[in-house]
Amino acid sequence: MSRSTAGSCRRRPSSSSSQPFAHLTAQGATSDSPTFFETLTALALWEFDRQDVDVAVLEVGIGGKHDATSVVDPVASAVTSVTLEHTDILGDTVAEIARDKAHVAPDDEPLVTGATGSALEAVRAVAGEVLTVGEAAETDVTVTYRGREGLEAAVTLDGPDWHVETRLPLLGEHQAQNAGVAAALCRQVADVAEADLARGLRNAHWPGRFEVMDESPLTVLDGAHNPGGVARVVETLDEFAYDDLHVVLGAMVDKDHTGIAAGLADADHVVACKPNVDRAESTSVVARAVEDVTDATVETRSDVAGAVGIALAAASADDAVLVTGSLYAVREARTRWSRAMVPKQVDSIPEARETIEAADVTDAGAWRMRGKAVHRVLRTRVQVRQAQYLKEELLSLGGECAISGLNNQDEEKVDVVLMATMAQFKRLTDKLEGQPYGLATFGEELRDALGIQRSPPERTYPWDDGTAVMGILNVTPDSFHDGGEYDNVADAVERAEAMVEADVDILDVGGESTRPGADPVPAEEERERVVPVIEALADADVAISIDTRKASVARAALDAGADVLNDVSGLEDPEMRLVAAEYDVPVVVMHSIDTPVDPDTDVEYDDVVEDCIDQLTERVLLAEKAGLDRERIIVDPGLGFGKSPTEDFELLDRLDEFRALGCPVLVGHSHKSMFGLVGRGPDERTSATVAATALAAERGADIVRVHDVPENVAAVDVVHAASDPTRFEE
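Calculation notes
Residues numbered from 1 in each chain as written. Predicted model: local features only at pLDDT ≥ 70, side-chain atom pairs only at ≥ 80, totals over all residues. Heavy atoms only, no water. Axes fitted to C-alpha atoms, helices over the stretch in contact; angles between N-to-C directions. Helix = DSSP H or I, 4+ residues; strand = E, 2+ residues; numbered from the N terminus. Parallel < 35°, antiparallel > 145°, perpendicular 65-115°, else oblique. Left-handed = near helix turned anticlockwise from the far one by under 90°. Contact = heavy atoms within 4.5 Å. Nonpolar A, V, L, I, M, F, W, Y, C, P; charged D, E, K, R; others polar. Buried < 20%, exposed > 50% of the residue type's maximum accessible area, 1.4 Å probe, protein only. Pairing = 2+ DSSP bridges. Right-handed = clockwise from strand over helix to strand, strands pointing away. 1 Å grid on protein atoms, 1.4 Å probe; cavity = no way out; pocket = protein on both sides within 12 Å on 5 of 7 lines; lining within 4 Å. Points joined across faces, edges and corners; volume = space filled by probe spheres on them.

**Student:** Describe the packing of helix H16 (residues 422-432) against helix H17 (residues 439-450), with residues and values.
**Tutor:** Running from amino to carboxyl end, H16 crosses H17 at an angle of 150°, the nearest separation of the two axes being 8 Å. Here H16 is positioned roughly antiparallel relative to H17, judged by the angle of their axes. Crossing geometry of H16 relative to H17 is assigned as left-handed. On H17, the residues touching Met422, Phe425, Leu428, Thr429, Asp430 and Leu432 of H16 are Leu439, Ala440, Phe442, Gly443, Leu446, Arg447 and Leu450. When grouped by side-chain class, the residues that make up the contact of H16 with H17 number nine nonpolar, two polar and two charged.

Printed below as a string of structure tokens:
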């Protein structure tokens, strides 16, 4: 939580889930309808109740009576800080605003706050007992910001009876204070252990808050939208060494443009732009504010994506590029790194119609366009104005663009399905060059997704020339398929040599089982299991992967000779991505809900493939921001981890859609319970595994992870021979 923010933690609601709707209906009938914010709070609590959550967290920017958070009966609450924002709603003074926010205070615990001065006095007057957080020695929780270490901030938190030293992925002194507030709340709600606090805070990633997207040039996204926020961002930016500062600035009409511009006094180059929302200020007004108070070179661009392109093109490798002014501007800029172009396999008219209908296109539209989709098809999300342009241009080229029926608004992005031949797509990308509204940037993303006018990558990894086979080597006593068979070094090495003889491409050495209900293994014990085996195999003519969730084990394995990190937790250990970047090795990032698997976890997906892609997108960005290229970030859909057998098979069938992430794809299906769906018991799954390997290879998997190497190598060879028999000619 940051800004003038109030928040509360509330244990599971005990009221009937229908009560919010009954209340809203009754209020509306008496012409006293709840406000938008009140309605949103009620709906949030209803959803928390429906999902049977244990702890509900409400994070709001207004707080108090205006959004009904003053009546939710929380078990813990915080007002992080108070500034002059939303004055048209909240009041004209800091004290007045603080008094209203303080009504979120719980009955049985002190209100946690980072407020100072008159704001703190006002909070105390309303809430009574408070627990203060800040740098001053007299605060109840003392925060010490020790500066930047790499892409993280070193912080120390000292509470009344607890002490935490950790690193945060969010840089800046204000984020250190927010961490202190969060830690105090956690201690109030659940008495969280110090080690868990340290780990949790290190995993506190917040898109759009001093988010470092690249280091050459240094590229930072931060949604600061007031003078104080912008000043803090620039202060944090000064912790890095850079030459010139290029700023992409997009603000809302109700903000202090002159004050924001004054915070950017050291900028050398500013591109003023207009986010695609009604409240956005015009580029000319933003540019004028910057010109009045800075010596920067100022230019304008109508769209955020285009402005980012201009700034990046103007920046040298030693410069810095900052996108700021509003979270709306940051959201649009972030699309450059996060937009997924999902390829769709459409081989028939019924499949075409199903794909189009899945994007919420009307029935009539799906019927009319279904025959045009049997070629190259991509699904993605764009702004409404971009969607209309794409449709017009593709129609003129002989292609088609199906647009979601939810396009009667201009705030949120909409789904589109692009349908054309490769030649038509190439002509479309040519037409998009130089176009406004982010279309030029979209055209470059389209070229990347389809490989249009792109040089093929250099081949350096086993999976670069087709599907690679990764052999599983479990040095554990309790793995679900082969536990206890190779848990001493001699047996493990013998097993590995047999797999190498069978033409395995990668050996995956693991020392901890992730089977359902498996007990965690201490890091020291896991290291003792895997390191001797890896050292014994270091000279083998094969790549070696370490299968671990722990960064300390990964580091030891890499020192022993491992080449690849395989993390089934999806970078749950906050240091794992940094280890991969430090050693410059590929890392497998798996989609998982629980590791080890919790058989009692029931996960609801809207669309299991698209949901996995969305969630993996953020994990890929984490690894990318640590310094890894996408060609070295391998994604694993996580078959069997938080999915039903039906969902596992859907992931396998639609594996090619994971190409949207721009990363190699690994499939781990060997002997898993998913094959129970087709009547195969635990001891009957070798043939089913081999069949699935063939299907995965045909669907474009870069790596298949299996126990039975000879059989699965044969399956992959058959798929390769079917597509290119000449590769097997002597």
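**Student:** Tell me about the pairing of strand S22 (residues 564-567), residues and numbers included.
**Tutor:** Side chains of S22 alternate between two faces, with Val564 and Asn566 and Leu565 and Asp567 buried alike. When strand S21 (residues 543-547) meets S22, the two strands line up parallel, connected through three bridges. Within S22, the position partnered with serine 545 by the bridge is valine 564. Since S21 and S22 lie parallel, the crossover through helix H20 (residues 551-560) that links them has a hand, and here it is right-handed. In terms of strand pairing, S22 meets strand S23 (residues 587-590) through three bridges, oriented parallel. Bridge pairing links asparagine 566 to valine 588 in S23. Note that the unit made of S22, helix H21 (residues 576-583) and S23 has a crossover that is right-handed.

**Student:** Any details on empty space enclosed by the protein? Residues and values, ideally.
**Tutor:** The full count for this structure, using the stated rule, is five cavities of 30 Å³ or more. Size it by volume and the largest cavity reaches roughly 120 Å³. Around the largest cavity sit 15 residues that line it, and Ala305, Glu332, Thr335, Arg339 and Gln386 are the ones nearest its centre. Only helix H11 (304-314) and helix H12 (327-338) provide two or more residues apiece to the lining of the largest cavity. The dominant element in the lining of the largest cavity, judged by the number of residues it contributes, is H12, at four residues. Here the residues of the lining of the largest cavity are counted per class, giving five nonpolar, five polar and five charged. What the second largest cavity holds in volume is close to 80 Å³.

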